[in-house]
Structures are given as C-alpha cells and as structure tokens.
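An overview of the molecular structure
Here is what each chain is made of, one letter per residue.
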Amino acid sequence: MRINRFLAECGLGSRRKCEELVTGGRVRINGRPVVKLASEVGDKDIVTVDGKKVERREKQLYIMLNKPKGCVCTVSDEHGRKTVIDIVRPKYPDARLFPIGRLDYDTEGLLLLTTDGATADRITHPRNEVPKTYIARIEGEVTEAELNRIRGGVVLDGVKTKKCRAKLIAFENNESRIEVVITEGRNRQVRRMFEQINREVVFLKRVAVGDLRLGGLYRGEFRELNDREIEYIRNV
Ligand code: URA
C-alpha cells in the first residue's frame, strides 16, 4: 500500500498529514529515506518516523448515525428493545461497535459509534468538555428569564449543571425552538434541565458533537466518518 495510507493506518493522522511527514523527510522504509509519495510499503518492510518504528493498528471504525427515536443506546438491551447496534449490525456484522455516550429512547439525532475505546473515553470524559448541541421544542413561549436560569445552571440530583448556552431560535405555532449547547453528558440532561423550570421538552434532537454536524443524514441513516472527522475526534 501507499506510504501515506500505511502511516494513516498506524494512527499518525489523516492521509494529508501523513503526506507532510513524508515530504518533510521524516519517514524511512528499511532505513532509506522516503522521497516519493507514491512509495509502496510491503508486509515485511520496516517503516520509521523520526527514527521510531511504526506499525499498523487494527482498523478502527467510526460511524455517525442519525438515531431515530424508539431505540436505546446500548449494545444489547435487557428488556429486548431495539438498540442502535441493531441498526448498523447488518452492514458491520462482525465489528465490535458501541455507542459513544447516549441519547435517551425518545431523543433522536447525532450519535457516534466506534470500535475505538480510547477515543470514546476522550469524547465522553467530562474533563474534555466536548460541546453537544441540541434542538429542543417546547410548548409555549420560553422567556429570556427562563433561558437565563438554564444558562446559569440548575440543580439535578443535588449537583448544579455547568453553565451552558441556550438560545431561542424560533417561536411558531405556539412552540419554542431552542438551541442548547451543553458540555456535560448527564442522564436525560436537557429534558431534566427544562423540567426544573417547569417546562416539558416535547421533541429533542442532537445536531452536533463538537465540530461534527449531523448534516443531511436522514433518520436511521448512518455513514463512516471521513479522514478529517476521524482526525478531529481522535484529538479532542
Ligand atoms: N439530554 C436529554 O434529555 N436526552 C438526551 O438523550 C441527551 C441529552
């Protein structure tokens, strides 16, 4: 295979970034500097970057699903409900995929699935404060004063939620559409934050996780992340 693809499969970044390693003169095959991007690597070749041997790791899968409501974010459900893994399994029958974080049964939208435990841990670890963007629909007109309470934090299970962003995007047909950006991932957090101000979320959809956006994926559709997106989630 081509040297840049080989390096990418060693986990050294996107193919573009790996090309830069080559053009920067940092890569050797069997001790000889690689000068051509078209250089090929065979099974027995020894490749070094800055003098350190690199090896391909198992190819990891990174998938973006537009989770529909009516399924759970677990690998198998003790109550026999449909899971997000049931949706992707026909295409990846042998992959050990699991969801990165959770959306509740009634919530739809962007859910990442992967085989890469380290990346999943980084995205979900509260310390890394990866922003998650939701669109919530609520009956009636939600006021700025109410949104300020959400922004400042409300107490859930005895612990205040972190400051967050909340913005009224539209008020139509007696319904408020609100964009909420939180950096935590507590159980049913958005719904429960609004419950604290006596408002019921009647529809909830996650539209972004960090820089990754749901874009044009239909409900129940999924796709593999591209190189740029993989590089992003591996480095959050
Ligand atoms: N907040 C919720 O209320 N539900 C989710 O699934 C995610 C965030």
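Above this text is the structure in question.
Our subject in this report is the structure included herewith. (Residues numbered from 1 in each chain as written. Predicted model: local features only at pLDDT ≥ 70, side-chain atom pairs only at ≥ 80, totals over all residues. Heavy atoms only, no water.)

**So, the layout of surface pockets**
In this approach the atoms are scanned with a rolling probe the size of a water molecule, which exposes any empty space left behind. Its boundaries defined by the atoms lining it, the largest pocket holds a volume of some 620 Å³. Around the largest pocket, the lining is made up of 34 residues, and of these G101, R102, L103, G185 and R186 lie nearest the centre. Listing elements by their share of the lining of the largest pocket, those giving two or more residues are β6 (98-100), β7 (108-114), α4 (117-124), β8 (132-139), α6 (189-195) and β13 (201-209). A per-element tally of the lining of the largest pocket places β13 first, with 3 residues. When its residues are assigned to classes, the lining of the largest pocket shows 17 nonpolar, 9 polar and 8 charged. Reported here for the second largest pocket is a volume of approximately 490 Å³. Along the wall of the second largest pocket there are 22 residues; nearest its centre are A8, E9, D227, I230 and R234. (1 Å grid on protein atoms, 1.4 Å probe; cavity = no way out; pocket = protein on both sides within 12 Å on 5 of 7 lines; lining within 4 Å. Points joined across faces, edges and corners; volume = space filled by probe spheres on them. Helix = DSSP H or I, 4+ residues; strand = E, 2+ residues; numbered from the N terminus. Nonpolar A, V, L, I, M, F, W, Y, C, P; charged D, E, K, R; others polar.)

**What to know about the pattern of salt bridges**
This structure, assessed with the given rule, holds 18 salt bridges. A salt bridge links K17 to E231; the shortest N-O distance between them is 3.4 Å. On the criterion of sequence distance, the pair formed by K17 in helix α2 (residues 15-23) and E231 in helix α7 (residues 227-234) is long-range, its members being 214 residues apart. Look at E231 and you get partly exposed, because its relative accessible area is 21%. R177 is the partner of E172 in a salt bridge, and the nearest nitrogen-oxygen pair spans 4.0 Å. (Salt bridge = Lys/Arg side-chain N within 4 Å of Asp/Glu carboxyl O. Buried < 20%, exposed > 50% of the residue type's maximum accessible area, 1.4 Å probe, protein only.)

**So, the site of the ligand**
All residues in the neighbourhood of the ligand are listed as L103, D104, T107, Y134, R188, Q189, V190, R191 and L204. Between R188 and the ligand, the recorded distance is 3.2 Å, taken from a backbone N or O atom to an oxygen atom. With respect to the ligand, the backbone of R191 contributes an N or O atom lying 2.9 Å from an oxygen atom. Surface burial for the ligand is 97%, taken as the share of its 240 Å² of free accessible area covered by protein chains. Judged by its atoms lying within 2 Å of the grid points, the ligand is housed in the largest pocket. No other element matches α6, which puts 3 residues into the shell around the ligand. (Near = heavy atom within 4 Å. Polar contact = N/O pair within 3.5 Å; in protein donor to acceptor, adjacent residues only side chain to side chain. Areas by Shrake-Rupley, 256 points an atom, 1.4 Å probe, with all protein chains shown as cover. Sits in = over half its atoms within 2 Å of the grid points.)

**Section: the side chain of E184**
For E184, the position within the fold is in the loop between β12 (175-182) and α6. Polar contacts involving the side chain of E184 include one to the main-chain amide nitrogen of K162, which spans 2.9 Å. Reaching out from E184, the side chain makes a polar contact with the side chain of Q189 at a distance of 3.1 Å. When neighbours within four sequence positions are excluded, E184 is seen to be in contact with K132, T161, K162 and Q189. (Contact = heavy atoms within 4.5 Å.)

**Here we look at the sheet that holds strand β4 (residues 52-53)**
Strands sit in the order β2-β1-β3-β4 across an open sheet of 4 strands; the sheet is antiparallel. The sheet is open, and its two edges are formed by β2 (32-33) and β4, each paired on a single side. Summarising the sheet, strand β1 (residues 27-29) and β2 pair through 2 bridges and their orientation is antiparallel. Residue pairing across strands places I29 opposite R32, the latter belonging to β2. (Pairing = 2+ DSSP bridges.)

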